[in-house]
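The residues making up each chain are set out below.
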Amino acid sequence: AAGFTAGGGGKATTGPAAFRSATGESKLEETPEQAIKKMEREIMDLLDESSFALENRQFKLALEKANKAVTKEKILQRHRDLQGFSEQTYLDLTYSVYFNSGNVFEACEMYQEAQAAYMSIIKNKAFSNAGRFRVNLGNILLKQGKFVEAIRMYRRALDQIPETHTYMRIKILKNIGISFIKMSPPQYSDAIVSFEHIMKTKADFRTAFNLTLCYYAIGDPDKMKKAFHRLLTVPIEGIEDEDRYLQYGEDPHSSLVMEAIKDDELRKIERGKRRYAEKCIIQAAKLIAPVIENSEAFGFDWCVDCVRDSQHTELASELEI
């Protein structure tokens with residue numbers, strides 16, 4: 001959860017001190033500012049506990065803490081109003097409370113409650129960029145199988161996200177494409193529009209495979225071939241720097257470094273990406289080979305030749321088998 005610090009703290013106590021009658025021991029009264037700060041800390045503690053529980057898949061506990069945070073935040077708002085602090089803004093805390101609540105509800109598949117939490121953020125004009133939470137609403141609608149509504153929500157989110165935020169826009173376009181494919185009947189032509197845009201902006205293997213699948217579904221052999229070619233040209237991150245895992249000479253220090261990085265987490269991620277790329281290529285070849293030429297054999301020969309001439313040469317022998 002995002003951190004929050006309230007302003008205006010640290011004022012000197014005003015008014016007379018309250019004395020304990022029996023002991024003569026005195027204790028300063030808690031000022032309104034101190035009471036507010038205390039409640040804020042309690043809410044932030046609840047958010048931390050809820051986030052930690054959710055991360056550890058303790059959904060019941062995460063939900064319990066999230067609901068308590070919402071309740072306490074409402075009490076805090078009323079307390080501010082009563083103390084005359086309603087003109088002060090505490091947006092970070094309110095934002096964090098409702099964002100965490102929506103996140104937990106969504107993880108617990110309580111979609112109606114999650115939508116209400118996200119809408120609380122979207123409708124609050126004081127929150128900047130709140131419209132991006134329409135992506136979360138679109139994701140919920142997609143999970144519910146409400147594909148038309150999901151597409152509409154994703155497009156509204158796109159309208160509010162600048163062109164410079166390429167990564168976020170691509171993720172939304174992917175979801176729009178998937179939504180079109182999952183509709184009944186599937187709208188492959190509309191999905192192609194989204195996938196083509198992604199391929200022109202920042203190509204990736206999943207999108208290239210989905211594009212090939214769509215052209216297969218509409219029965220366009222030429223477009224299948226073009227999509228397969230584009231699939232083969234998608235760069236694999238890290239493949240251009242494979243030499244860094246090779247040891248040169250017999251320097252002991254170099255040997256230790258190579259031993260450390262050859263199976264580190266980054267290397268594992270790179271291997272996983274390579275395996276996924278190879279899986280996409282093999283599945284795409286097996287899918288289109290029977291329909292792109294006059295015979296399945298000719299289709300496979302065409303795919304093998306393309307693979308052999310690409311950065312994935314070693315896959316050609318696997319396809320031939």
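The preceding data block contains the structure.
The structure displayed is predicted, hence computed values, not measured ones. (Residues numbered from 1 in each chain as written. Predicted model: local features only at pLDDT ≥ 70, side-chain atom pairs only at ≥ 80, totals over all residues. Heavy atoms only, no water.)

### Examining the environment of phenylalanine 300
Thought 1: By the secondary structure assignment, phenylalanine 300 is in helix H13 (residues 296–308).
Thought 2: For phenylalanine 300, a relative accessible area of 21% puts it in the partly exposed group.
Thought 3: Excluding residues that lie within four positions of it along the chain, phenylalanine 300 makes contacts with Ala285, Lys286 and Ala289. (Helix = DSSP H or I, 4+ residues; strand = E, 2+ residues; numbered from the N terminus. Buried < 20%, exposed > 50% of the residue type's maximum accessible area, 1.4 Å probe, protein only. Contact = heavy atoms within 4.5 Å.)

### Thoughts on the layout of surface pockets
Thought 1: If you add up the space inside the largest pocket, you get close to 600 Å³.
Thought 2: Lining the largest pocket are 16 residues, and of these Lys174, Ala203, Asp204, Phe205 and Glu237 sit closest to its centre.
Thought 3: Those elements that provide at least two residues to the lining of the largest pocket are helix H7 (166–182), helix H9 (205–217) and helix H12 (265–292).
Thought 4: Looking at which element gives the most residues to the lining of the largest pocket, the answer is H7, with five residues.
Thought 5: A class-by-class count of the residues in the lining of the largest pocket yields eight nonpolar, one polar and seven charged.
Thought 6: When its volume is computed, the second largest pocket comes out at roughly 180 Å³.
Thought 7: Forming the boundary of the second largest pocket are Arg132, Val135, Asn136, Asn139, Tyr154, Met168, Lys171, Ile172 and Asn175. (1 Å grid on protein atoms, 1.4 Å probe; cavity = no way out; pocket = protein on both sides within 12 Å on 5 of 7 lines; lining within 4 Å. Points joined across faces, edges and corners; volume = space filled by probe spheres on them. Nonpolar A, V, L, I, M, F, W, Y, C, P; charged D, E, K, R; others polar.)

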